Every structure is written in C-alpha cells, then in structure tokens.
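For reference, the chains in residue letters:
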Amino acid sequence: MKYLSEWDQWKRYSSKSWKRFIGKAREMTTHLELWRDDIRSIEGKFGTGIQSYFSFLRFLVLLNLVIFLIIFMLVLLPVLLTKYNITNSTFVLIPSKDTDVQCTVYPISSSGLIYFYSYIIDLLSGTGFLEETCLFYGHYTIDGVKFQNFTYDLPLAYLLSTIAYLALSLLWIVKRSVEGFKINLIRSEEHFQSYCNKIFAGWDFCITNRSMADLKHSSLRYELRADLEEERIRQKIAERTSEETIRIYSLRLFLNCVVLAVLAACFYAIYRATIFSQEHMKKEIDKMVFGENLLILYLPSIVITLANFITPMIFAKIIHYEDYSPGFEIRLTILRCVFMRLATICVLVFTLGSKITSCDNYSCELCGYNQKLYPCWETQVGQEMYKLMIFDLIIILAVTLFVDFPRKLLVTYCSSWKLVQCWGQQEFAIPDNVLGIVYGQTICWIGAFFSPLLPAIATLKLIIIFYVKEISLLYTCRPSPRQFRASNSNFFFLLVLLIGLCLAIIPLTISMARVPSSKACGPFTNFNTTWEVVPKTVSTFPSSLQSLVHGVTSEAFAVPFFMIICLIMFYFIALAGAHKRVVVQLREQLSLESRDKRYLIQKLTEAQRDMKNRLDWQ
C-alpha cells in the first residue's frame, strides 16, 4: 500500500471538501430558483411542454434584469449620484462649435392648463411629463461627469452599455441553445432509447414527498404520451398511399397560399397605418379632439397589436388541417408567427427611419435629419417602442380578463348551448404565448438604446405575465389532447429568440453608424453619429496602443483571421463527422452483439427443450 505524505493527504482532503461544498452550494441554489415550485407544479399538471414555456419566461425575466443592471451601473448611476449631490461630482457640458443653432432647437411641451386625460395619454405614450424624465434618451444631454480624480465619459459609457447588453444576450442565448441542442441531438437519434430512458431511468428516487411524487408521475406520463403520439404520426405517414400523399400535399400548398395572403394583408395594413400616422403628426396636437389625438398617436401600435393578436389564431386553425406531428406543428406555427410579428417591427422601424432621414427643407439638409418633425428623433423612437410594449401588456391582460375567464364561465355553466359546445374550453396555445414574449423581448432590445429604463419595464411586464398566464392556465385552460416533448421546444424557443436578437441588432447598428445623431438632445450632440465616440476615444490612447487597435481593425488582420477561423471550423466539422461515423459503427457492433446473444439464447433454449424431450421419452 502506497503511503501518502501529509501534503498529499491535505490536498486530497481539500479536494473532497471543495467538491462537497460545490455540491451543497448547487443544491442550495436549486432551492433559490425563481418560481421553482410553481413551474414544477405546472409540469406535473400540464406536462413538460407548457413547463418549458414558463421556464423560458423565467429566463427572459433574469435576462432583462441583468440588462437593466448593466445600463443602471454604466449610465444611470453616475447621473443620479451627481444629480442628487450624493458624491462630490458635477456634470460636464461641452458647447458645440460646428452645429447650427437651428439644429439645437428642442421645443418642450407647454405646461398650461392640462386635462386629466392628458396624463393618461402621457403615461401610455411616453409623451408630456414622461418625455423629460430619465426614461428616454433625451434626458441624458450630458457630455460627462467630473468626479474628484477623473472624468466619466458618459457618451462612451452609453454606447458600451448597448454593446454590452447585446453581447451578453447573444452569449447567454447561444450557451443555452448549445445545451438544448446536445439534449435534442441525443434524444432524436433513437426513439426506442427515449422510451427505455423514461421507463427504466426516468424516476427520481430522491423524491420523498407524496405530492412531488405525484407531480413526477404525471410528468413522465405526459412525456410518454407525447412520444407515443409522435410515433403514431410517423406510423400514419408511413402507411399513406400515393393518393393520400398527393391530397395532403395539395392541401398544404393551398393552405400555405392562404398564410401568405394573410401575411401580405397584415403588412399592407401596418404600412398604411404607419404612413397615415406619420403624415398627420405634422398637425398641432392641441388642435385635435381627444379621440383624434388618441388615434393618431397610437394607430401603428393598435394595428400591429391587432395583427399580432389575430394572425396566430388563424395560423392555429390552419395548422390542424395540415396533418403534421405535434412537435412540428409548434415549430411551423412559431416560424409563421415569427415572420409576422418581427416583420411588423421592421415595417415600423424602417418607416420611421425613412421619415427621419427624408429631407424636404433647409434645416433638414443642414442638420442631416428631419429636425422640424423629429427634433430629438431618438426619444421619439423610444416612445414608439414604449407604446408597443405597454399596448402588448394591455392586450394580454384584456384577453385574459375579458375573453378567457368569460369563456371558462360559459363552458362551465352554459355547456348545453350549441355555440358554447363548438367554442369549447380554452387550450394553452404555446406558439402564440412564446411568440408574444419573444416579440416583447425584441422590442426591449431595440428600445433599450432609445429608452434606457425599458428593460426594467420589460422585467415588471414579464413578472405580471407569468402570474397572469399561470392563473389563466390553472383556472381557464385544459391540457391539450395533442402532446409534444419539451426537449425540441426548448431549443426551438431559443432559436426564435436568437432570430429576434439578430433582427434587433440590424436597426440599432444602422442608427448608431449611419443616421446622424440629434443635435438638440442626448449624450451624442457633439458627434455626427453615435459611433464617432469610439474613434475619438481611441485617439486619446498612447501611440503604440493606437497602432495596435488600428492594426487589429484593419483588413490586413481581418482577412487572415477570417481564414484561420474558417479552417478551425472545417476541422471541427470533419472531427464531428468522424465521431458520428464511429458512433454509427459502435451501434452496428452493439446490434450485432445483441443478435449473437439472441442466437445463442435461442440455441440454448432449443438444446434444453431437446434434453427435456429425451428425458420424458425415457
């Protein structure tokens, strides 16, 4: 027996103690998970598919909270510390030398006699008293904060906060997507293996609570029902005749044409509503009556919200006639709704961009943007994003209170009515609900640059949505008769969210790099564009560091770097292909070994039978 020195014994003891501590810490963190008991209860009662939606919602709450903390630490905190004299610091305001006076005019709303309904409109649209608060971009017309020993560059911090929350969102989503992709890849290889894992290794023997055991039992039952449902669909597809195949593909082609027609009609309606609203906003708001004022301000938001509310119901009805598997139904419906919802944001953002950059007068050409209509265009874009988010929350609450609950009451107490029987009890539509929160998250990513407090509003909104959807699910909805697995859905939800992030990055990049920044408000009044703060900061570096930065960002470095990345990518692709071939060979070998064992058992059984017959004859 090898003798261990005291040093080796101490290292081994420390390693075991550290592993034990890490295990205990992880066990404690699982008890601190947000909505842990609620989500487990939902999993047991309605299956892992609906549970995956609420887990996805929890992830977005945490993501928005972290985004808000980033913006708060980099932008809001220095401003608040100086504004309320908490620290010995002052604001730095650098007067612009090359900017014409006409470009710095920013008319503030009049503070005369204000009716009560005006406060409601301001609260819903972000105008009036909210426009001058730290909620929007125009409030941060500061060039820096001078502390005792250094000067805090607020424009650079504002830009870095935007880059930081976009990069964090990308890395976090990719990390979770890779984890989900691994699970999805393993479970999709062999369906029989999935059954065996659930039946023989699916139970958690650490469960000691009766209620938790019932929830786990229900969860496994839903998973098995989902697997059997998908197996039934695959068997049905395999047994189709040529005539049935032609019929179903013809029906799918016709229904896809209907989907395209619905999408085209919605896009045209949103385009016309946006153009109408922007053209009539040139009128004096004070000269409008209350209804006209409300309609002009909220027309794009109303049309977009109505389109987003109606189209998922149409797609949900259409998908039932296309005869897909439950998992593929969800993915196809989500893709259609993604194209619809995210395209509505594109129509709104790019229409606003075209109006901002269109020049029809001298002051517009002088400032580089339509200063007369949009004196602080970043704040007005932030107001549009704010209105979309508030309206989205209002619609969710209104549908739950005035549609879902009355429908449940009618089904419960008026079940004999034929109309109620046709309507039936509400089912929890996972594609529609997932697209709703992805749509809201995309608005948050775009609007956080123009409205720094929008992530905080999105966090509160998602918390409200969680409890509203949970109550609606428990008291007004019934489990869907068509089951599906959550393993595929989790990965697909994150993929849809990644599409929304990429869509948000495009208009933000264009607005920061191409569109001239407002000269009347915001931290970038002394820069032609937002991105110009980066070259100015680099110019303050030492000459050696400047040379390094210019070299890294030059084409001479980018081209070889791109080629090396491609070679590394091809290497890993080839390595993955080799590993896959080895896995196939090992599976074939296992299959052959199982056949050999089956053959030997069969021969042994025959030999035993022959021996028994001989003994009987004797």
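What counts and how
Every chain is numbered independently, its residues counted from 1 as its sequence is written. Only residues with pLDDT of at least 70 are given local features in this predicted model, and only at 80 or more are side-chain atom pairs given and counted; all residues enter the totals for whole chains, interfaces and linings. Excluding hydrogens and water, the side-chain values take into account all heavy atoms of the structure. UniProt positions are given in the numbering used here, feature names are shortened, and annotations may be inferred rather than shown by experiment. Note on geometry: axes are lines fitted to C-alpha atoms, helical ones only across the stretch in contact, with angles between N-to-C directions running from 0 to 180 degrees. Put simply, DSSP marks the helices as runs of H or I at least four residues long and the strands as runs of E at least two long, and each gets a number from the N terminus on. Any angle that is under 35 degrees is reported as roughly parallel, and any over 145 degrees as roughly antiparallel; angles of 65 to 115 degrees are reported as roughly perpendicular and all others as oblique. Definitions for this section: a left-handed crossing has its near helix turned counterclockwise from the far helix by less than a right angle. A right-handed crossing has that turn clockwise. Should any heavy atoms of two residues lie within 4.5 Å, those residues are considered in contact. Lys, Arg, Asp and Glu make up the charged group, whereas Ala, Val, Leu, Ile, Met, Phe, Trp, Tyr, Cys and Pro make up the nonpolar group; the residues left over, Gly among them, are polar. When DSSP finds at least two bridges between two strands, those strands are taken to pair. Residues belong to a common nonpolar core when they are buried Ala, Val, Leu, Ile, Met, Phe, Trp, Tyr or Cys residues joined through side-chain atoms within 4.5 Å. Think of it in three bands: residues with accessible area under 20% of the maximum for their type are buried, residues over 50% are exposed, and the middle band is partly exposed, with areas taken using a 1.4 Å probe on protein chains only. Each Phe, Tyr or Trp ring, with Trp reduced to its six-membered ring, pairs with another whose centre is within 6.5 Å; inter-plane angles below 30 degrees give stacked pairs, above 60 give edge-to-face pairs, and intermediate values give tilted ones. Over a ring means this: the NZ of a Lys or the CZ of an Arg is within 6 Å of the ring centre and within 35 degrees of the ring normal. The criterion for a disulfide is a pair of cysteine sulfur atoms lying within 2.5 Å. Patches draw on residues past 30% relative accessible area with no salt bridge. Two like charges within 9 Å are joined, as are two nonpolar side chains (Val, Leu, Ile, Met, Phe, Trp, Tyr) within 5 Å. Method for areas: the Shrake-Rupley scheme with a 1.4 Å probe, in which residue coverage is limited to the protein chains shown. Think of a salt bridge as a Lys or Arg side-chain nitrogen and an Asp or Glu carboxyl oxygen that are within 4 Å of each other.

Under an unreviewed UniProt entry, the protein has the name Transmembrane channel-like protein and belongs to Panthera pardus. The heading Sequence similarities (unreviewed entry) in the UniProt record of the protein holds the text "Belongs to the TMC family." Of the protein, the UniProt comment under Subcellular location (unreviewed entry) reads exactly: "Membrane".

J.: How should I be thinking about the packing of helix α2 (residues 36-46) against helix α15 (residues 454-476) in this particular structure?
T.: Packed helix pairs are characterised by how far apart their axes lie and by the angle those axes make with each other. At a minimum axis distance of 12 Å, the contact between α2 and α15 shows a crossing angle of 30°. Accordingly, the angle class assigned to the pair α2 and α15 is roughly parallel. The handedness of the crossing between α2 and α15 is left-handed. Contacts from D38, I39, I42, K45 and F46 in α2 reach F466, E470, L473 and L474 in α15. Tallied by class, residues from the contact of α2 with α15 come to six nonpolar, no polar and three charged.

J.: How do you make sense of the UniProt feature "transmembrane region" (unreviewed entry) in the protein when you look at a structure like this?
T.: Here, the residues flagged by UniProt with the feature "transmembrane region" (unreviewed entry) are residues 56-81, 156-174, 253-274, 295-321, 385-403, 445-468, 489-510 and 557-578. For the annotated span residues 557-578, helix accounts for 100% and strand for 0% of the residues, and the straight-line distance between the end C-alpha atoms is 32 Å.

J.: Would you mind going over the sheet that holds strand β3 (residues 151-152) with me for this structure?
T.: The pairing of strands in a sheet comes from backbone hydrogen bonds and takes either a parallel or an antiparallel form. Spatial ordering of the open sheet is given by β1-β2-β3, a layout of three strands whose pairing is antiparallel. Across the chains shown, the open sheet's two edge strands, defined by having one partner strand only, are β1 (90-92) and β3. Note that strand β2 (residues 144-146) and β3 share two bridges and pair antiparallel. Looking across to β3, one finds that K146 is bridged to T151. Packed on one face of the sheet, helix α3 (residues 48-83) meets β1, β2 and β3 and runs near 125° to β1.

J.: In this structure, what is going on with the nonpolar core? I would like to understand it.
T.: Side chains of nonpolar character tend, in soluble globular proteins, to be buried together. Formed by 116 residues in total, the largest nonpolar core has its most connected members in F54, F56, Y165, I334, W445 and F449. Tallying contributions element by element places α3 first for this core, with 15 residues. If we ignore the near neighbours within four places in the chain, the residues touching I334 are P431, V434, L435, F492, F493 and V496.

J.: So what exactly am I meant to see when it comes to the packing of aromatic side chains here?
T.: Two numbers describe a pair of aromatic rings. These are the distance of the centres and the angle of the planes. Using the criterion set out here, one finds 20 aromatic pairs in the structure. Between Y158 and F524 the ring centres are 6.0 Å apart and the planes differ by 85°, which places this aromatic pair in the edge-to-face class. Of the two residues, Y158 sits in helix α5 (residues 154-189) while F524 sits in the loop between α16 (486-513) and α17 (533-538), which places them 366 residues apart along the sequence. For Y158, a relative accessible area of 2% gives the class buried. A connected cluster of aromatic rings, assembled from ring pairs, spans Y137, Y140, Y158, W377, F449, F450, F524 and F527. Taking NZ or CZ as reference, R176 lies 4.3 Å from the ring centre of F59, over its face. Above the plane of the ring of Y249 lies R252, whose end atom (NZ or CZ) is 5.3 Å from the centre.

J.: Got a minute to help me understand the environment of Q383 in this structure?
T.: Within the secondary structure layout, Q383 lies in helix α12 (residues 377-413). Residue Q383 is classed as buried on the basis of its relative accessible area, which comes to 8%. The sequence separation of Q383 and E131 amounts to 252 residues, and the corresponding C-alpha distance is 8.3 Å. Ignoring anything within four residues of it in the chain, the contact list for Q383 reads S125, G126, T127, E131 and F136.

J.: Explain the state of the cysteines to me, please; I cannot follow it from the model alone.
T.: Two cysteines form a disulfide when their sulfur atoms are joined by a covalent bond. The tally for this structure, following the rule as stated, stands at one disulfide. The disulfide bridge from C376 ends at C521, spanning 1.8 Å between sulfur atoms. Between C376 and C521 the disulfide shows an S-S torsion of about 85°. By sign, it is right-handed. You can see C376 sitting in the loop between α11 (362-367) and α12 and its partner C521 sitting in the loop between α16 and α17, a full 145 residues away along the chain.

J.: Looking at this structure, how should I read a nonpolar patch on the surface?
T.: There is a patch of nonpolar side chains on the surface, built from F541, L545, L548, V552, F557, F561, I564, I565, I568, Y571 and F572 and spanning about 1,000 Å² of accessible area. Put simply, the parts of the chain that give the nonpolar patch at least two residues each are α18 (543-552) and α19 (555-617). Within the element layout of this structure, F561 appears in helix α19. Taking the relative accessible area as the measure of exposure, F561 reaches 47% and is therefore partly exposed.

J.: Just checking my understanding: could you explain the pattern of salt bridges for this structure?
T.: Note that side chains of opposite charge can pair when their charged atoms are close. A complete count under the given rule lists four salt bridges for this structure. We note a salt bridge from K461 to D392, for which the minimum N-O separation is 2.7 Å. With K461 in helix α15 and D392 in helix α12, the pair connects residues that are 69 residues apart, well separated along the chain. Just as K461 is buried, D392 falls in that class too.

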